[in-house]
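Given next are the chains, with one letter for each unit.
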Amino acid sequence: MDMIIRRVRIEDDKPLVDIGIKDGRIAAIEEQLDRSGTEEIDAEGRVALPGFIEAHLHLEKAFLHRRMPARLGTLDEAIRVTGILKSKQERKDVLERSRKVLDMAITSGTTLIRAHPDVDPIQNLIGVETAVELREEYRDLIDLQIVAFPQEGILKTPGVVDLMEKAIELGADVVGGCPYNEVSWDDTKKHIDTVFAMAIKHDLPVDMHADFSDDASDQRFMSAEYIARKTIETGYQGRVALGHVTSPGSLEPEKLKPLIDLLREADIAIITLPATDVYLGGRKDVVNQRRGLTPVRALRAGGVNVAYASNNVRNAFTPFGKADPLVIGNLLAHLIQFGTPDHQAEILKMSTTDAARAVGIGKDYGLAVGKPADLMILDTEVVADALLDIPARSWVFKRGRVAAMTKLDTKICRTCGHAHAETHAHAKTKKTASATH
């Protein structure tokens, strides 16, 4: 074996196991594996999970929160402020901020990101160009899927179709969309038709921002039904993902159910983005403020694949975040009241196996023999505690190679002398993390 991870827990009701890795894939999962490894790590009973999948993340917009700080916190302001900052994007700065997010994500146990760089006349192709460069630079640490994302619309912004085609030539491997950012419902439908035509032309999957509103009063923000029918019509089942999808949360159950049935038939994945959606949603409500969230419980109960992701990290859309799926998962569990043991296990699935399905790698993912050795060892000894503890990721592996290590050493000074306690402020905490590239 190239690597053996000894004494690791993958299920709470079963004994510890050893994980053997060969040629970047999991070669064995056994109790007390009777083999030797070129390298060996003793996990000392810590938990192993497959690598997190960030199915929806904006790299080139990250860490803009102090460039032009938002004053109102509304979606309209976020779009306006970000538009101004996009017009000033510089390649070196985009690379530096993107690397910061990537390093955070790797340290947090993420092994694949689907990035959504804007493609429009404001910032042109700088988001795609930098993502393509970083995909190669980080190839041994994390996988990057790149979406050609028309944030400013397609019909209302001349030249976007040509830019999207160029983005695909550069290396974008997913066709994006933002159908609600058009001036009419007819243009929204044409936007969706254009996205599908481009995806079919290049045989690429589709991933659109859709239905991002507090209610369903404007048809442009209720396009999921049209997208689902288009998916079935074109035979694109299983190759379409939609991010946000908050408007359906305002529908009565009898109106929501037919939509859920259609989404399930179309095998469309829904990516809920709780940090952004809850921060921006329901701001006009003066009583009983809405959560502004995807109807996650109803969708999952109806058989629709729902994953979650960070979306934005520290900008006008989301002034928080550290690209840690456990932090977002903990937030989501609170918001949708998923607190039972079974529900908490569902949250972990939404950032691992379900997210893997959403980005098209479900068949070649997971903690099983033959799968890529993309996994993490968490600094907790109970799988069910992962979402509760939000523990450090002690080791993160990409194709069997250590991509990041984190060690925490904390001491509670119950018996420290007075002077010692003053010197050390009652606690000494040391944290080191690395994600070498």
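Definitions and limits used
- Residues numbered from 1 in each chain as written.
- Predicted model: local features only at pLDDT ≥ 70, side-chain atom pairs only at ≥ 80, totals over all residues.
- Heavy atoms only, no water.
- Helix = DSSP H or I, 4+ residues; strand = E, 2+ residues; numbered from the N terminus.
- Buried < 20%, exposed > 50% of the residue type's maximum accessible area, 1.4 Å probe, protein only.
- Contact = heavy atoms within 4.5 Å.
- Areas by Shrake-Rupley, 256 points an atom, 1.4 Å probe, with all protein chains shown as cover.
- Pairing = 2+ DSSP bridges.
- Axes fitted to C-alpha atoms, helices over the stretch in contact; angles between N-to-C directions.
- Core = buried A, V, L, I, M, F, W, Y, C linked by side-chain atoms within 4.5 Å.
- Polar contact = N/O pair within 3.5 Å; in protein donor to acceptor, adjacent residues only side chain to side chain.
- Left-handed = near helix turned anticlockwise from the far one by under 90°.
- Nonpolar A, V, L, I, M, F, W, Y, C, P; charged D, E, K, R; others polar.
- UniProt positions renumbered as here; feature names shortened; annotations may be inferred.
- Salt bridge = Lys/Arg side-chain N within 4 Å of Asp/Glu carboxyl O.
- Phe/Tyr/Trp six-rings, centres within 6.5 Å; stacked < 30°, edge-to-face > 60°.

(A) A look at the overall build of the protein chain. Looking only at helices and strands, the protein chain has 14 helices and 17 strands in total. Counting only C-alpha atoms and orienting by the principal axes, one finds that the protein chain spans roughly 70 × 50 × 45 Å. Among the 437 residues that make up the protein chain, the fraction classed as buried is 54%. In the protein chain, the share of contacts with a sequence separation of at least 24, taken over all contacts with a separation of at least 6, comes to 76%. When the accessible surface of the protein chain is summed, it comes to about 19,200 Å², and 49% of that surface belongs to carbon and sulfur atoms.

(B) Geometry of the sheet that holds strand β3 (residues 25-30). Strands sit in the order β3-β2-β1-β4 across an open sheet of four strands; the sheet is mixed. The sheet terminates laterally at β3 and β4 (39-42), the two strands that pair on one side only. Here the strands of the sheet are splayed against their neighbours by 15 degrees on average, with no regard to which way each runs. Pairing of strand β1 (residues 3-8) with strand β2 (residues 17-22) involves four bridges; the strand directions are antiparallel.

(C) Representation of the nonpolar core. I227, L242, L263, I268, I270 and I347 are the most contacted members of the largest nonpolar core, which totals 85 residues. With six residues, helix α7 (residues 253-266) is the single largest residue contributor to this core. In contact with I268, not counting residues within four places along its chain, are I227, A228, T231, V240, L242, L263, V304 and N305. Of all hydrophobic cores here, the second largest spans 15 residues; its members include M3, I21, L375 and W395.

(D) Unusual backbone geometry, seen in detail. A positive phi angle is found at Q32, which is not glycine, with a value near 50 degrees. In this structure, Q32 sits in the loop between β3 and β4. On the basis of relative accessibility, which here comes to 74%, the residue Q32 falls in the exposed class. In the Ramachandran plot, D267 falls in the positive-phi region, its phi being about 55 degrees despite a non-glycine side chain. Secondary-structure assignment places D267 in the loop between α7 and β12 (269-272). Look at D267 and you get partly exposed, because its relative accessible area is 38%.

(E) Spotlight on the side chain of K61. Mapping K61 onto the fold places it in the loop between β6 (52-57) and α1 (75-86). In terms of polar contacts, K61 uses its side chain to reach the side chain of Q151, at 3.0 Å. In this view, K61 contacts T82, K86, R97, D118, F149, Q151, N312 and N315; residues no more than four positions away in its chain are not counted.

(F) Expanded view of the packing of helix α5 (residues 185-202) against helix α6 (residues 224-234). Packing of α5 against α6 leaves a shortest axis separation of 11 Å and a crossing angle of 30 degrees. Our pair here, α5 against α6, has a crossing hand that is right-handed. The residues of α6 that touch α5, namely those facing W185, K189, I192, D193, F196 and I200, are Y226, I227, K230, T231 and T234. Grouping the amino acids of the contact of α5 with α6 by side-chain chemistry returns six nonpolar, two polar and three charged.

(G) Representation of the sheet that holds strand β13 (residues 306-308). In spatial order, the strands read β6-β7-β8-β9-β10-β11-β12-β13; together these eight strands make up an open sheet with parallel pairing. The sheet is open, and its two borders are formed by β6 and β13, each paired with just one other strand. Ignoring strand direction, the axes of neighbouring strands in this sheet form an average angle of 25 degrees. Bridging between strand β9 (residues 174-177) and strand β10 (residues 206-210) involves three bridges; their strand directions are parallel. Bridge pairing in β10 places G177 opposite M208.

(H) Structural view of the UniProt feature "domain: Amidohydrolase" (unreviewed entry) in the protein chain. The feature "domain: Amidohydrolase" (unreviewed entry), as annotated in UniProt, sits at residues 75-391 in this numbering. Between the C-alpha atoms that bound residues 75-391 there is a distance of 32 Å. The span itself is 44% helix and 12% strand.

(I) Expanded view of the pattern of salt bridges. Enumeration over the complete set of coordinates arrives at 37 salt bridges. Across the pair D186 and K189 runs a salt bridge, and its minimum N-O distance is 3.7 Å. Remark: K189 and D186 occur in helix α5; sequence separation between them is three residues, near one turn of the helix. Exposure remark for K189: the relative accessible area of 23% places this residue in the partly exposed category. E346 is the partner of K349 in a salt bridge, and the nearest nitrogen-oxygen pair spans 3.8 Å. In this pair, K349 and E346 are both assigned in helix α11 (residues 341-350), three residues apart and thus about one turn of the helix distant. Owing to a relative accessible area of 36%, K349 belongs among the partly exposed residues under this scheme. What emerges from the salt-bridge pattern is a single network uniting K61, K86, D118, D120 and E152.

(J) The packing of aromatic side chains, seen in detail. Applying the stated criterion to the full structure yields five aromatic pairs. A ring pair is formed by Y180 and F221, whose centres lie 5.3 Å apart and whose planes are at 20 degrees; its orientation type is stacked. Separated by 41 residues along the polypeptide, Y180 in the loop between β9 and α5 and F221 in the loop between β10 and α6 bring together distant segments of the chain. According to the relative accessible area criterion, Y180 is buried, its value standing at 12%. Judged by relative accessible area, which is 16%, F221 ranks as buried. Seen from their ring centres, W185 and Y226 are 6.0 Å apart, and the 80 degrees between their planes marks the pair as edge-to-face. Of the two residues, W185 is situated in helix α5 and Y226 in helix α6; the sequence distance between them amounts to 41 residues. Take Y226: its relative accessible area is 25%, and that puts it in the partly exposed class. Of the aromatic side chains, those joined through ring pairs into one cluster are Y180, F212 and F221.

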